[in-house]
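Examining the three-dimensional arrangement
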Amino acid sequence: MAMNAESLEGRMLFAIPKKGRLHEKCLSILAGADIQFRRPNRLDVCVALNHPIALVFLPASDIPSFVGKGNIDLGITGHDVVLEGAMEDFVTEILRLNFGKCSLQVQVPESSPCKTSTDLAGKRVVTSFEVVAARYFGEIDDKLGLKGEQRTKIEYVGGSVEAACSLGLADGIIDLVESGDTMRAAGLHAISTVLETEAVLIKSTKPKNPQFDPIIEMITKRIAGVIAASKYVYIQYNVERTHMEAATRITPGRRAATISPLEQDNWVAVSAMVEKKKAAQIMDDLGRIGAEDLIIFNLDNCRV
Ligand SMILES: Nc1ncnc2c1ncn2[C@@H]1O[C@H](COP(=O)(O)OP(=O)(O)OP(=O)(O)O)[C@@H](O)[C@H]1O
Ligand SMILES: O=P(O)(O)OC[C@H]1O[C@H](OP(=O)(O)OP(=O)(O)O)[C@H](O)[C@@H]1O
């Protein structure tokens, strides 16, 4: 189906990274929020089948400026990408999405004498994040009173940043680190963290189309539910009434734990949402205070 301005009339435009690290997760968020679409091969704009929304598939790095300028109403990208696009005053990060988590770090060869970013000041730094890097080293250079040629030389490369030191192009780099595998394989180590990032849902600070506020709010709530459902599990267990207080200290729930009496005297059933990453530890702790019949349920979706 060819897309024209008419078919987009009255539709809230929602930008999604078209490829790269964030793409797949965004598709599962759209599915979880029940935004249905059929994307014809190679087409970057497609209308949702069940909402007045059009999805626009764009490079993650272009999304902040489109949203910031108001050409697109809503978008998903990385927090790092917002900062690199210098768009933090033009977009509002309405939700953290709990994926695409990594850190932007200053790295040097294992053998480098530079132990801190200050040691690296004045030298050559290669990065794909030239805006963030210039700001970061600009402040250090200012503090050290470095002028002109003495200041840190930031050079942009589009990818394979980790190769720059071994190629003799740089004394250090600024690049994203998740597991650290890329950094270690290149014989580098981190000497400082410039920022922590994760995927974010963004809208314009000054929306051009305020008529879309209600649908943006609805989609935001749905996505928040999808994220919470992936972050939390539901735990249910039985415990003697005398241990109830200790038990609810371990599983206080988001608002409060649900406690129901059991037919068996002096026993209660407790259920509560707990963070998925803490679930194993919580089960150990509950076992220690005598909780029994522990069951963990995954959540498909929720509103919290
Ligand atoms: N290793 C990683 N772990 C987690 N998130 C990451 C990682 N690398 C990148 N990201 C996040 O994904 C965003 C986009 O990174 P990615 O490398 O996929 O983009 P891209 O370079 O625009 O894509 P492509 O290389 O396909 O053009 C980053 O800005 C960051 O927010
Ligand atoms: O710490 P790690 O888990 O190794 O991840 C970090 C790597 O991931 C990203 O690159 P990506 O693999 O997306 O490729 P790119 O260099 O083409 O962006 C980033 O630029 C690092 O190189």
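Named according to an unreviewed UniProt entry, the protein chain is ATP phosphoribosyltransferase originating from Coprinopsis marcescibilis. Its UniProt record, at the heading Sequence similarities (unreviewed entry), says of the protein chain: "Belongs to the ATP phosphoribosyltransferase family."

This part covers the site of ligand 1. Around ligand 1, the neighbouring residues are Lys19, Gly20, Arg21, Leu22, Gly78, Asp80, Val81, Gly100, Lys101, Cys102, Leu176 and Glu178. For ligand 1, a nitrogen atom lies 3.0 Å from a polar atom in the side chain of Glu178. When the free accessible area of ligand 1 is taken as 610 Å², the share hidden by the protein chains comes to 69%. Here the shell around ligand 1 is composed, by residue class, of 4 nonpolar, 3 polar and 5 charged. Lining the shell around ligand 1 are residues from two domains, each supplying at least three of them: domain 1 (5-100 + 199-208) and domain 2 (102-197).

It is worth spelling out the pattern of salt bridges at this point. Under the counting rule described, the total for this entry stands at 13 salt bridges. The salt bridge involving Arg39 is made with Asp44; its shortest N-O contact spans 2.8 Å. Relative accessible area serves as the criterion here: at 29%, Arg39 is assigned to the partly exposed category. Given a relative accessible area of 24%, Asp44 falls into the partly exposed group. Arg135 is paired through a salt bridge with Glu88; the nearest N and O atoms lie 3.1 Å apart. With a gap of 47 residues between them, Arg135 in helix 6 (residues 130-144) and Glu88 in the loop between helix 4 (79-84) and strand 5 (91-96) connect regions that are remote in the sequence. For Arg135, a relative accessible area of 41% corresponds to the partly exposed category. What emerges from the salt-bridge pattern is a single network uniting Lys18, Arg39 and Asp44.

Each value, and the rule that gives it
Residues numbered from 1 in each chain as written. Chains lettered and ligands numbered in written order. Predicted model: local features only at pLDDT ≥ 70, side-chain atom pairs only at ≥ 80, totals over all residues. Heavy atoms only, no water. UniProt positions renumbered as here; feature names shortened; annotations may be inferred. Near = heavy atom within 4 Å. Polar contact = N/O pair within 3.5 Å; in protein donor to acceptor, adjacent residues only side chain to side chain. Areas by Shrake-Rupley, 256 points an atom, 1.4 Å probe, with all protein chains shown as cover. Nonpolar A, V, L, I, M, F, W, Y, C, P; charged D, E, K, R; others polar. Domains from an automatic or database assignment. Salt bridge = Lys/Arg side-chain N within 4 Å of Asp/Glu carboxyl O. Buried < 20%, exposed > 50% of the residue type's maximum accessible area, 1.4 Å probe, protein only. Helix = DSSP H or I, 4+ residues; strand = E, 2+ residues; numbered from the N terminus.

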